[in-house]
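# Architecture and fold: a report
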Amino acid sequence: MDARFLVTTPIPDPGLPLLEAAGSVTVLPDPPDYSRLRQLCASGDYDVVLTQLRDTVDAALLAEAEIKGVSNFAVGYNNIDVGAATSCGILVGNTPGVLTDATADVAMALILGTARRVVEADRMVREGRFHGWEPELLLGRDVTGAVLGLAGFGRIARAVARRALAFGMQVLFSPRPPGDRSVSQDELGEFSGRVTQVPWEELVARSDFLSLHVPLTEQTHQLVDAEVLGRMKPEAILINTARGPVVDESALVVSLRNGGIAGAGLDVYEDEPHLAPGLAELPNTVLLPHIGSATVPVRAEMSRLSALNAVAMATGQRPPHLVNPEVIG
Ligand code: GLV
């Protein structure tokens with residue numbers, strides 16, 4: 001029998017043609033809510049579901065699901081209870097590697113955008129409030145020479161480090177906050193002698209820009225809370241291109257409003273697409289709608305990888321990017 005795929009949201013090429021070549025494809029015109037998705041997964045009508053980050057695939061859904069796999073159109077998979085999927089023998093796939101540089105570019109855009117007040121400046125011009133060059137118009141901050149603290153030191157953090165070094169920033173990192181693990185010279189590779197590992201507490205206290213690059217887990221949930229914000233420099237800027245719940249967003253609003261820290265550049269939010277009350281009114285923020293991986297070539301690659309994962313899951317092959325390999329052993 002042909003493989004049967006459920007795609008919860010329309011995706012760019014080439015994913016759908018790849019799925020269609022392997023079987024029948026149902027693309028939902030609108031993203032399903034949780035109960036609809038649960039019902040569709042339990043229907044027995046699909047072998048593999050191609051999901052988005054907004055699709056919650058929890059233990060209750062997985063326990064009833066009559067599917068072989070969940071192929072997530074993202075590198076992150078915090079929307080899926082991977083432990084529960086593994087217990088149910090359901091494969092989970094993701095799309096690592098292809099969005100590293102694009103996401104690092106957005107982190108860098110947020111660093112530059114907050115430092116140089118790009119959004120405020122753009123608004124001033126559009127609103128007819130630009131009356132000519134002025135010595136003290138919209139003065140910002142230097143990036144060159146500033147301390148960039150990287151929370152995490154995975155693929156994306158390293159790509160940000162590469163960019164930041166080229167901008168003359170001093171790069172510190174803490175590989176697994178709030179805990180620690182030592183990164184060997186070997187692992188540092190090209191960064192050896194160019195970046196410095198420090199404990200999380202020191203990273204928080206020393207960073208002019210603190211940029212988050214950790215997965216969302218129980219350990220990193222609200223990693224940046226009121227207490228951490230209180231230990232940051234008043235002139236510090238928080239950058240988040242990772243996951244919203246890594247930051248206590250209400251505490252961030254209070255800190256930004258009271259001058260606890262100077263600014264924030266965010267691509268992700270605690271309860272997307274909703275923002276914490278007050279966040280959108282703050283001028284010292286640059287707010288993006290979760291577009292870290294949003295370039296034409298990157299989204300095409302994510303489409304391709306998620307489709308290849310899905311086809312492999314449906315046809316009993318090993319998916320190229322499997323999050324829970326223990327299911328196949
Ligand atoms: C985007 O946030 C992703 O995890 O791919």
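Up top is the structure these notes are about.
Now for a look at the structure at hand. The model shown is predicted, which means the values in this text are computed figures rather than measured ones.

Turning our attention to the packing of aromatic side chains. Per the stated rule, a full pass over the model turns up two aromatic pairs. Centroid distance Phe153 to Phe191: 5.7 Å. Interplanar angle 65 degrees. Geometry classified as edge-to-face. Of this pair, Phe153 sits in the loop between β6 (147-151) and α7 (155-166) while Phe191 sits in the loop between α8 (185-188) and β8 (195-197), and the two are 38 residues apart along the sequence. Considered together, Phe153 and Phe191 belong to a single accessibility category, that of buried residues. Following the ring pairs from residue to residue traces out a cluster consisting of Phe153, Phe173 and Phe191.

The subject of this paragraph is unusual backbone geometry. Residue Pro14 is bonded to the preceding Asp13 through a cis peptide linkage, with omega at 5 degrees. Along the chain, Glu272 connects to Pro273 via a cis peptide bond; the corresponding omega equals 5 degrees. Here Arg117, not a glycine, exhibits a phi torsion of approximately 55 degrees, which is positive. Tracing the sequence through the fold places Arg117 in the loop between α5 (100-115) and α6 (118-126). Although it is not a glycine, Leu138 sits at a positive phi angle of roughly 50 degrees. Along the chain, Leu138 turns up in the loop between α6 and β6.

We now examine the sheet that holds strand β10 (residues 237-240). On the basis of which strands lie adjacent, the open sheet formed by seven strands has the order β8-β7-β6-β9-β10-β11-β12 and parallel pairing. Two strands lie at the open edges of the sheet, namely β8 and β12 (285-287), each paired on one side alone. Averaged over all pairs of adjacent strands, the angle between their axes in this sheet comes to 20 degrees, without regard to strand direction. Direction of pairing for strand β9 (residues 209-212) relative to β10: parallel, over a ladder of four bridges. Across the sheet, residue Phe209 finds its bridge partner in β10, namely Ile237.

It is worth spelling out the side chain of Asp55 at this point. Among the secondary structure elements, Asp55 is positioned in the loop between β3 (48-51) and α3 (59-64). Of the buried charged residues, Asp55 lacks a salt bridge, with Arg54 as the closest side chain of opposite charge at 6.0 Å. One polar contact links the side chain of Asp55 to the main-chain amide nitrogen of Gln52, over a distance of 2.8 Å. Leave out the neighbours within four places in its chain, and Asp55 touches Thr8, Pro32, Leu37 and Asn79.

The next subject is the sheet that holds strand β1 (residues 3-7). A sheet is described by the order of its strands in space; here five strands give the open sequence β2-β1-β3-β4-β5, paired in parallel fashion. Every interior strand has two partners, whereas the edge strands, β2 (23-27) and β5 (91-93), have only one. Within the sheet, the average angular offset between the axes of one strand and its neighbour, ignoring direction, is 20 degrees. In this sheet, strand β4 (residues 69-72) lies alongside β3 in parallel orientation, the contact comprising four bridges. Its bridge partner being in β4, Val48 is matched across the sheet by Gly69. Those strands touched by helix α12 (residues 296-315) are β1, β3, β4 and β5, and its axis lies near 175 degrees from that of β4.

Neighbouring the ligand are the residues Leu53, Ala74, Val75, Gly76, Leu99, Arg243, His290 and Met302. A distance of 2.8 Å separates an oxygen atom of the ligand from a polar atom in the backbone of Val75. In terms of residue class, the shell around the ligand is built from five nonpolar, two polar and one charged.

Here the focus is the pattern of salt bridges. Across all of its chains, the model carries 14 salt bridges by this definition. Across the pair Arg163 and Asp101 runs a salt bridge, and its minimum N-O distance is 3.1 Å. In this pair, Arg163 sits in helix α7 while Asp101 sits in helix α5, placing the two residues 62 residues apart along the sequence. Overall, the relative accessible area of 43% leaves Asp101 in the partly exposed class. Between Asp208 and Lys233 there is a salt bridge, and its shortest N-O distance comes to 2.9 Å. With Asp208 in the loop between α9 (200-206) and β9 and Lys233 in the loop between α10 (226-231) and β10, this residue pair connects regions lying 25 residues apart in the sequence.

Cut-offs applied
- Residues numbered from 1 in each chain as written.
- Predicted model: local features only at pLDDT ≥ 70, side-chain atom pairs only at ≥ 80, totals over all residues.
- Heavy atoms only, no water.
- Phe/Tyr/Trp six-rings, centres within 6.5 Å; stacked < 30°, edge-to-face > 60°.
- Helix = DSSP H or I, 4+ residues; strand = E, 2+ residues; numbered from the N terminus.
- Buried < 20%, exposed > 50% of the residue type's maximum accessible area, 1.4 Å probe, protein only.
- Pairing = 2+ DSSP bridges.
- Axes fitted to C-alpha atoms, helices over the stretch in contact; angles between N-to-C directions.
- Lys, Arg positive; Asp, Glu negative; His and termini not counted.
- Salt bridge = Lys/Arg side-chain N within 4 Å of Asp/Glu carboxyl O.
- Polar contact = N/O pair within 3.5 Å; in protein donor to acceptor, adjacent residues only side chain to side chain.
- Contact = heavy atoms within 4.5 Å.
- Near = heavy atom within 4 Å.
- Nonpolar A, V, L, I, M, F, W, Y, C, P; charged D, E, K, R; others polar.

These figures come from the coordinates and say nothing about function on their own.
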